[in-house]
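Structural characterization, general
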Amino acid sequence: MSDLQPAPRALITGITGQDGSYLTEFLLDRGYEVHGLVRRTSTFARERIDHLHLDPEGSRLLLHYGDMADGNSLSRLVLQIRPDEVYNLAAQSHVAVSFQNPLYSADVDALGTLRLLEAVRQLDRPVRFYQASSSEMYGKVVETPQTESTPFHPRSPYAVAKVYSYWQTVNYREAYGLHASNGILFNHESPRRGETFVTRKITRAATRIKLGLQEQILLGNLDAERDWGFAGDFVEAMWLMLQQDEPSDYVVATGRRASVRTFCEAVFGMLDLDWSDHVGIDKRYLRPAEVDLLQGDASKAARILGWKPRTSFDELVRMMVTADLELARQERALVDAGLKQPAWRDGRPG
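Residues numbered from 1 in each chain as written. Predicted model: local features only at pLDDT ≥ 70, side-chain atom pairs only at ≥ 80, totals over all residues. Heavy atoms only, no water.

**Regarding the side chain of Glu 136**
- Considering the arrangement of structural elements, one finds Glu 136 in the loop between strand S5 (128-134) and helix H5 (157-176).
- Side-chain polar atoms of Glu 136 contact the side chain of Arg 287, separated by 3.1 Å. (Helix = DSSP H or I, 4+ residues; strand = E, 2+ residues; numbered from the N terminus. Polar contact = N/O pair within 3.5 Å; in protein donor to acceptor, adjacent residues only side chain to side chain.)

**Quick notes on the packing of aromatic side chains**
- In total, this model carries 12 aromatic pairs according to the counting rule given.
- One aromatic cluster in this structure is built from Tyr 138, Phe 152, Tyr 166, Trp 167 and Phe 186.
- Here the guanidinium or amino end of Arg 30 rests over the ring plane of Phe 26, the centre of that ring lying 3.5 Å away.
- Lying across the ring of Tyr 250, Lys 300 places its NZ or CZ 4.8 Å from the centre. (Phe/Tyr/Trp six-rings, centres within 6.5 Å; stacked < 30°, edge-to-face > 60°. Lys NZ or Arg CZ within 6 Å of the ring centre and 35° of its normal.)

**Looking at the sheet that holds strand S11 (residues 249-252)**
- Across the sheet, which stays open at both edges, the 7 strands sit in the order S3-S2-S1-S4-S5-S6-S11 with parallel pairing between neighbours. In the strand order of this sheet, the two ends are held by strand S3 (61-65) and S11, each with one partner. In this sheet, neighbouring strand axes are inclined to one another by 20° on average, regardless of whether the strands run parallel or antiparallel.
- Two strands pair when backbone bridges link them, and strand S4 (residues 85-88) and S5 are joined in this way by 4 bridges, in the parallel orientation. Along S5, the bridge assignment pairs Asn 88 with Gln 131. (Pairing = 2+ DSSP bridges. Axes fitted to C-alpha atoms, helices over the stretch in contact; angles between N-to-C directions.)

**Notes on the nonpolar core**
- Among the nonpolar cores identified, the biggest contains 58 residues, and Leu 27, Tyr 87, Tyr 130, Ile 202, Phe 268 and Trp 307 are the most heavily contacted of them.
- When residues in this core are grouped by element, the largest group, 9 residues, is from helix H7 (residues 231-242).
- By size, the runner-up hydrophobic cluster in this structure holds 20 residues, among which are Leu 11, Val 78, Ala 90 and Leu 117. (Core = buried A, V, L, I, M, F, W, Y, C linked by side-chain atoms within 4.5 Å. Buried < 20%, exposed > 50% of the residue type's maximum accessible area, 1.4 Å probe, protein only.)

**Here we look at the pairing of strand S6 (residues 179-185)**
- Burial runs high along S6: 7 of the 7 residues are buried.
- Of the two faces of S6, both are covered, the one formed by His 179, Ser 181, Gly 183 and Leu 185 as well as the one formed by Ala 180, Asn 182 and Ile 184.
- Alignment of S5 against S6, held across 7 bridges, turns out to be parallel. Bridging from a neighbouring strand, Tyr 130 pairs with Ser 181 of S6.
- In the sheet, S6 pairs with S11 via 4 bridges, with the strands oriented parallel. Residue Ile 184 lies in a different strand from S11, and its bridge partner there is Val 251.

Shown next as structure tokens:
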């Protein structure tokens, strides 16, 4: 950026998550000043962005305490930061947890979006708003592949909350002229994915099994099929949506699908292991209402945004296996040195 042109300013909620970390890298590389919303907790869960903290003098990455459940803190931060772009990535994003904690999930994932939209609407300058919508909104799908016009049929408290946020984003666009876009992202994974999500749970367990740190992994529905892409590719689509003259809603997906079983086969196969020797089924991991198949059609994103995924399924699996194998080797070294005991043997903590 030239001295005469200030750096564009972005606010990212959920900055410490998988998508937030990749988006932060992407925006910093493009000269942005990035502000991130973090919750004040008793622990610091910032591992995904620790490497992005530059010298505090002149740093373009600034973190602010706030909470999606606190509308006053959101309004105060938006007024203080005065962002050009807002990326709402914050959510209780685990489907199984949303069944266990539906009220909290609704408060953060649905009403949290409304609180943020209200804060943005009250700012006395143009702001471009991105809402992280989810393929889970399609739920019990009525057509395959799913497009921007496919009806929603959510099958979890998480998905219902995301549908609410989707339509609030559309409403603020139509009612107030806000440049607000929904990115309907299909499953996107990476080595930074949380270990309770099925893909990372598999790669983490398989690499530990390879090094004798674990014996098996327990999963739920192996027949569920998903459209799996790389999170690092998908954040570019988020940014591209906010660079358009007109806001709109876009499916972001690879157009390919694979089952959980296929993912297991690929991961264990890269480690020269037979997945069937190590994978068991536990009914506790089955959803009360299952989503059997998700596969997106991102042709609108390709046509208007010029976006296409660059990472293949096999490349994604190899990337995750390579990263988790290194973690397993570090753990193995600690165990061999008598500094650590294997924490769990069957895919469950404890």
